[in-house]
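Architecture and fold: a report
Single-letter residue listing:
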Amino acid sequence: METLTSRGRAIRLAATALGLAVLLAGTVWGTDDHFPFGPFRMYSTSNPPNSPAPDTRVEGVDSTGAVVDLGERATGIRRAEIEGQQGRYAADPELLTEVADAYAERHPDAAELVEVRIVIRWHGIRDGRPTGRWTDETVVSWKADR
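Here's what I pulled together on the structure shown here.

**Some details on the nonpolar core**
Counting 19 residues, the largest nonpolar core has Leu-70, Leu-96, Val-99 and Val-116 as its most contacted members. Looking at this core, the elements with two or more residues in it are helix 5 (97-106), strand 3 (113-126) and strand 4 (129-143). At four residues, helix 5 tops the list of elements feeding residues into this core. Excluding its chain neighbours within four sequence positions, the residues that come into contact with Leu-96 are Tyr-89, Val-116, Arg-117, Ile-118, Val-140, Ser-141 and Trp-142.

Below you can see the structure in the form of structure tokens.
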């Protein structure tokens, strides 16, 4: 086994110091987008013990009036992608046509979607435990022009 030279040791120490400096800077000033060098707040925070817990979903209404679950299996779009872009969808509901198009592409024989909406189900929480009660809130809705 060869021993590490002074130059090799200095390079490894410098690389380690640089990595630690970037990690520390990301932790102090970073956002989730800087992961793995920024904090991943999704797992480091929690809701207060008596605040309702949100559960976001996307659903559609087809031309027959049936409500259709527009989850990942139906559209290929992950829920996290919808939640991450929720502000954009709220500012421009027309963007939900992308979800309708993805559904139509995967289900060519299905009835056409006439509405797509982002719905948050607020699960009741009391003392950190689910109450079994919930309410739905439609936060964004797009309706097709007929």
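**Describing unusual backbone geometry**
A positive phi angle, near 55 degrees, is found at Asp-127, a position not held by glycine. Mapped onto the elements, Asp-127 comes out in the loop between strand 3 and strand 4. Judged by its relative accessible area of 60%, Asp-127 falls in the exposed class.

**Digging into the pattern of salt bridges**
Considering all chains together, one arrives at eight salt bridges under this definition. For Glu-59, the salt bridge goes to Arg-117, with nearest N and O atoms at 2.7 Å. Taken together, the residues span a long stretch of sequence, with Glu-59 in strand 1 (residues 53-62) and Arg-117 in strand 3 at a distance of 58 residues. As far as burial versus exposure is concerned, Glu-59 and Arg-117 are alike and both buried. Here the salt bridges share partners, and the residues they tie into one network are Arg-57, Glu-59, Glu-115, Arg-117, Arg-121 and Asp-136.

**As for the sheet that holds strand 1**
Strand pairing in a sheet relies on backbone hydrogen bonds. The paired strands run either parallel or antiparallel. Read across the sheet, four strands follow the order 2-1-3-4 without closing on themselves; strand pairing throughout is antiparallel. Either end of the sheet is taken by a strand with one partner, and the two such strands are strand 2 (67-69) and strand 4. Each adjacent strand pair in this sheet contributes to an overall mean axis angle of 35 degrees, direction not counted. Sheet topology places strand 3 next to strand 4; eleven bridges connect them, and they run antiparallel. Within strand 4, the position partnered with Trp-122 by the bridge is Thr-135.

How each quantity is defined
Residues numbered from 1 in each chain as written. Predicted model: local features only at pLDDT ≥ 70, side-chain atom pairs only at ≥ 80, totals over all residues. Heavy atoms only, no water. Core = buried A, V, L, I, M, F, W, Y, C linked by side-chain atoms within 4.5 Å. Buried < 20%, exposed > 50% of the residue type's maximum accessible area, 1.4 Å probe, protein only. Helix = DSSP H or I, 4+ residues; strand = E, 2+ residues; numbered from the N terminus. Contact = heavy atoms within 4.5 Å. Salt bridge = Lys/Arg side-chain N within 4 Å of Asp/Glu carboxyl O. Pairing = 2+ DSSP bridges. Axes fitted to C-alpha atoms, helices over the stretch in contact; angles between N-to-C directions.

So yeah, pure geometry; function would need other evidence.
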